[in-house]
Amino acid sequence: MSSKKYAIGVDYGTESGRAVLVDLNDGAEIADHVTPYPHGVIDEALPESGVRLGHEWALQHPNDYLEVLKRSVPAVMRASGVDPADVIGLGIDFTACTMLPVDASGEPLCFKPELKANPHSWVKLWKHHAAQDEANKINAIAAQRGEAFLPRYGGKISSEWMIAKAWQILDEAPDVYDRADRFMEAADWVVNQMTGSFARNSCTAGYKAIWHKKEGYPSKDFFKALDPRLEHLAETKLRGDVVPLGTKAGELTEAMAQAMGLKAGIAVAVGNVDAHAAVPGVGVVTPGKLVMAMGTSICHMLLGTEEREVEGMCGVVEDGIIPGYLGYEAGQSAVGDIFAWFVDNSVPAYAHEAAKAEGENIHAYLERKASAYKPGEIGLVALDWWNGNRSVLVDTELSGLFLGLTLSTKPEEMYRALLEATAFGTRKIVEAFHSNGVPVDELYACGGLPQKNRLLMQIYADVTNREIKIADSKQTPALGAAMFGAVAAGAANGGYDNIVDAARKMARVREETFKPIPENVAVYEKLYQEYNALHDYFGRGANDVMKRLKAIRNAALH
Ligand SMILES: Nc1ncnc2c1ncn2[C@@H]1O[C@H](COP(=O)(O)OP(=O)(O)O)[C@@H](O)[C@H]1O
Ligand SMILES: O=C(CO)[C@@H](O)[C@@H](O)COP(=O)(O)O
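Conventions and cut-offs
Residues numbered from 1 in each chain as written. Chains lettered and ligands numbered in written order. Predicted model: local features only at pLDDT ≥ 70, side-chain atom pairs only at ≥ 80, totals over all residues. Heavy atoms only, no water. UniProt positions renumbered as here; feature names shortened; annotations may be inferred. Helix = DSSP H or I, 4+ residues; strand = E, 2+ residues; numbered from the N terminus. Near = heavy atom within 4 Å. Polar contact = N/O pair within 3.5 Å; in protein donor to acceptor, adjacent residues only side chain to side chain. Areas by Shrake-Rupley, 256 points an atom, 1.4 Å probe, with all protein chains shown as cover. Nonpolar A, V, L, I, M, F, W, Y, C, P; charged D, E, K, R; others polar. Domains from an automatic or database assignment. Buried < 20%, exposed > 50% of the residue type's maximum accessible area, 1.4 Å probe, protein only. Arc of directions from axis to C-beta. Contact = heavy atoms within 4.5 Å. Salt bridge = Lys/Arg side-chain N within 4 Å of Asp/Glu carboxyl O. Buried area = accessible area lost by both parts, 1.4 Å probe. Phe/Tyr/Trp six-rings, centres within 6.5 Å; stacked < 30°, edge-to-face > 60°. Lys NZ or Arg CZ within 6 Å of the ring centre and 35° of its normal.

Moving on: the UniProt feature "domain: Carbohydrate kinase FGGY N-terminal" (unreviewed entry) in the chain. Here the UniProt feature "domain: Carbohydrate kinase FGGY N-terminal" (unreviewed entry) sits at residues 6-279. A distance of 20 Å separates the end C-alpha atoms of residues 6-279, which is 31% helix and 20% strand.

Right, dumping it as structure tokens:
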């Protein structure tokens, strides 16, 4: 045992989970290890039974999450050579709302032989979008009843969230609904597997399950108005104490400690949302600083001192990110995913070959070629709705659009247009907050994208006309999760008593920042007006062609 103390943060992403061992003195990331989920994202057919899934479905296998603990935690311990006796706490962060039905002992219903061929018994991943009908009804009924919670979620409850997903289970698989003792966030379920605790964290409950610190869940009357069978949802299948971030959920059990190569009894913090854990991870503990967790999607987080209504925000939750502040969240449901789609589906062989000849990956090749253009020179504008629109329109039925294509358009121009489109989407969000009394003075970026694509970051600075600071940490959500693990352990055990102290000691940003270039800002201002016009035309009902196309496609499929 040494005088140095450590915590482990485990970050559960969409495709993989990673464990990071962190030095509690300065936040140094001593070792990290990634475990790709053995079953990945299940969006075509169920494992074993082969049952086919519908459009917009996205499931996961709960055992994959435990695999991450069993493979990646021992791997970081081995690689670091740190004595397990010096690891005092563990925290996790997760995609959300990623939810699953479990029985009274916490066993996922998809483990039961008689239920495993039913898709509704599996984990519904955050990007499972098949509960849109339920979400539409939730919104219509909540608006009609004048429910006070609706403005706190930007006027719309998303199909990605807990109530819509639970209701979809009831609608389509009432037997699975009846068998479910609880619906749990995967974040809370993994903590349950490590500790035995059924505590629910206030972050996922607040942002994803319409829970409020003072008012709790929506009323029984509201649930009954949705469907009489849902009347008791909150006190039955959503029951469990909702506790603040940084709370110790419990202690690591003997069995899990053995499997993970750690000491039994160490503090395990309640779970957190990946994007939200990144906020203290970049050292943001005060208002005015918008944190962008940039990867397959972007989540935008911001602290405020007052509760404001902001169109299309994902939510405002008291203490939802940092205790003492209102935590605001907005987001874009596809960003890196759009670039991935483009390189996988729309880049011709000659470009792939040229990239290969240069020894570059295809993104780096397209970034280099796209950097040769000045803003405006490509003559294209795109709408970044390949996975629907999460903010500010909150509509998963919207889809992508390219405008300005000609016979001479090159793949790198289209790539640049997509980078710009996602930047315009972020600007829309920045403006929604800023003009509604939640100031955005600076941007902070973390996640995979800022490290992968400099052009992208410069475009974001130019389009938003704001300086962007970049997290020094490569694994910012995991660092944030480890900080909460240290808070769960407490200062008396070598950790911290609160997240602000932990962030001050452990978080860093890089010296280099991305600053807006005035001549680029001026051109992007014009392009943004064009984006905005298209955004409103296709997104606010003037032309619902995107929805009609989906309806025609659905009819053709049946
Ligand atoms: N050079 C690049 N430029 C832009 N996007 C990239 C580049 N390389 C990979 N991507 C995209 O980054 C995303 C992965 O981001 P990352 O932060 O690592 O993952 P996650 O969001 O799952 O945590 C993928 O969607 C991928 O298409
Ligand atoms: O919805 C949220 C956060 O609210 C995210 O968990 C979800 O967008 C997934 O994020 P990543 O793409 O894994 O960064």
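All right, on to the site of ligand 2 then. Lining the immediate surroundings of ligand 2 are 13 residues, of which A96, K208, D274, T296 and E329 lie closest. R390 places a polar side-chain atom, nitrogen or oxygen, 3.0 Å from an oxygen atom of ligand 2. If ligand 2 stood free it would expose 380 Å²; the protein chains cover 92% of that surface. In terms of residue class, the shell around ligand 2 is built from 4 nonpolar, 5 polar and 4 charged. Mapped onto the domain boundaries, the shell around ligand 2 takes at least three residues apiece from domain 1 (6-276 + 476-505) and domain 2 (283-472 + 517-558).

We now examine helix α17 (residues 499-506). Of all the residues in α17, the buried ones are I499, A502, A503 and M506. Summarising the axial view, the buried residues of α17 lie within an arc of 95°, below the 170-degree limit, and thus occupy one face. On its buried side, α17 packs onto β2 (16-23), α9 (274-281) and α16 (476-489). With a side-chain oxygen lying 3.1 Å from the backbone nitrogen of V500, the N-terminal cap of α17 falls on N498.

The immediate surroundings of ligand 1 are formed by 14 residues, with T296, G336, G448, K452 and N453 found nearest. Within the backbone of G336, an N or O atom sits 3.0 Å from an oxygen atom of ligand 1. At 2.7 Å from an oxygen atom of ligand 1 is found a side-chain nitrogen or oxygen belonging to K452. Bound to the protein, ligand 1 loses 79% of the 580 Å² it would expose on its own. Among the secondary structure elements, those contributing two or more residues to the shell around ligand 1 are α10 (336-345) and α14 (449-452).

The tally for this structure, following the rule as stated, stands at 35 salt bridges. Put simply, R71 and E67 hold a salt bridge, and the shortest N to O gap is 2.9 Å. With R71 and E67 both in helix α1 (residues 62-80) and 4 residues apart, the pair spans about one turn of that helix. Residue classification places R71 among the partly exposed residues on the basis of a relative accessible area of 40%. Classification of E67 by relative accessible area gives partly exposed; the value is 26%. The partner of K112 in a salt bridge is D103, with the nearest N and O atoms 2.8 Å apart. Shared partners join several salt bridges into a network, and the residues in it are K137, D171, D227 and R229.

Glancing now at the environment of Q451. If you trace the backbone, Q451 turns up in helix α14. A C-alpha to C-alpha distance of 26 Å links Q451 and Y350, two positions 101 residues apart in sequence. From its side chain, Q451 meets the backbone oxygen of G447 in a polar contact 3.5 Å long.

Moving on: the side chain of T476. Summarising the element assignment, T476 is placed in helix α16. Discounting chain neighbours no more than four positions away, the residues touching T476 are A277, A278, G281, V282, C446, G447 and A471.

Looking now at the domain arrangement of the chain. For the chain, the assigned domains are domain 1 (6-276 + 476-505) and domain 2 (283-472 + 517-558). Taking the mean C-alpha position of each, domain 1 and domain 2 sit 26 Å from one another. With 33 residues of domain 1 at the interface, the matching set in domain 2 holds 40 residues. Contact between domain 1 and domain 2 buries roughly 2900 Å² in total, counting both sides, with carbon and sulfur atoms accounting for 54%. By the criterion of area lost to domain 2, the three top residues of domain 1 are R152, Y207 and A275, representing 19% of everything that side buries. Between domain 1 and domain 2 we count 7 salt bridges in total.

On the secondary structure map, E215 appears in the loop between α6 (202-208) and α7 (220-226). Counting along the chain gives 66 residues from E215 to F149, while the straight-line C-alpha distance between them is 9.3 Å. Side chain to side chain, E215 and R152 meet in a polar contact 3.5 Å long.

Inspection of the secondary structure assignment puts V268 in strand β12 (residues 267-269). The buried category is assigned to V268, whose relative accessible area is 0%. Along the sequence, V268 and L252 sit 16 residues apart, while their C-alpha atoms lie 6.4 Å from each other. Ignoring any residue separated from it by four or fewer positions in sequence, one finds V268 in contact with L90, V191, M194, T195, T247, K248, A249, G250, E251, L252 and A488.

With that settled, the discussion passes to the packing of aromatic side chains. Counting across every chain of the model gives 19 aromatic pairs. Ring centres of F149 and F222 lie 5.1 Å apart, and the angle between their planes is 75°; on these two criteria the pair is classed as edge-to-face. With F149 in the loop between α2 (132-144) and α3 (162-172) and F222 in helix α7, the pair connects residues that are 73 residues apart, well separated along the chain. Of the residues examined, F149 reaches a relative accessible area of 4% and is grouped as buried. Exposure remark for F222: the relative accessible area of 0% places this residue in the buried category. Between the aromatic rings of F339 and Y415, the centroid separation amounts to 6.0 Å while the plane-to-plane angle is 55°, which identifies the pairing as tilted. Pair noted here: F339 is in helix α10 and Y415 is in helix α13 (residues 411-434), with a separation of 76 residues, a long-range link. In this structure, F339 and Y415 share a single accessibility class: buried. Each residue in the set F339, W341, F342, W386, F402 and Y415 is aromatic and connected to the rest through ring pairs, giving one cluster. Seen from the ring of W167, K137 lies directly overhead, with NZ or CZ sitting 4.6 Å from the centre.

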